[in-house]
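# Topology and contacts: notes
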Amino acid sequence: MHLSPDEEQAIRKEFDRLANLTSAELEAWLLTPESRRVGIVRRGETESVGRQSGRRILDIRAKPADELTEADYAHMKKVIGYCRRHLAQRPWGDISATRWRWSLMNWGHDPLKDRPAG
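Residues numbered from 1 in each chain as written. Predicted model: local features only at pLDDT ≥ 70, side-chain atom pairs only at ≥ 80, totals over all residues. Heavy atoms only, no water.

What follows covers the side chain of Ser 48. Within the secondary structure, Ser 48 is located in the loop between α3 (33-37) and α4 (49-61). Only 3.1 Å separates the side chain of Ser 48 from the backbone nitrogen of Arg 51, close enough to count as a polar contact. Not counting residues within four places of it along the chain, the set of residues in contact with Ser 48 comprises Val 38, Gly 39, Ile 40, Val 41 and Asn 106. (Helix = DSSP H or I, 4+ residues; strand = E, 2+ residues; numbered from the N terminus. Polar contact = N/O pair within 3.5 Å; in protein donor to acceptor, adjacent residues only side chain to side chain. Contact = heavy atoms within 4.5 Å.)

What follows is the structure, given as structure tokens:
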């Protein structure tokens, strides 16, 4: 699967929009007990799929755009899809200390970030 430069740019733009935690914020989040409490851990693995994704996001962000691989773009598309699906399932009420929010944060998105005050 070879992507055109326009496709690559569109993926990067949507990835950057949805993965709204900075690298420093994501790195700090992945060290929290809450981050470890959520997500599916595959057999034989020690870490949830979401936490693995968070680490992959950090790796992708550390690369210049012209060094991103097809596998990097595939992961960015996976992050975009996960965030869109998960955001569509937003629970009612205060979400600040919910497993729903924590799971999204493992995938680089904090639904409480950059929202209007009030």
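With that out of the way, let us pick up the nonpolar core. Counting residues in each nonpolar core, the largest one holds 28 residues, and the members touching the most others are Phe 15, Leu 26 and Met 76. Contributions of two or more residues to this core are made by α1 (5-18), α2 (23-29), α4, α5 (70-87) and α6 (99-106). If one sorts the elements of this core by residue count, α5 sits on top with six residues. Sequence-distant contacts of Phe 15, defined by excluding residues within four places in its chain, comprise Ile 57, Ile 60, Arg 61, Met 76, Val 79 and Ile 80. (Core = buried A, V, L, I, M, F, W, Y, C linked by side-chain atoms within 4.5 Å. Buried < 20%, exposed > 50% of the residue type's maximum accessible area, 1.4 Å probe, protein only.)

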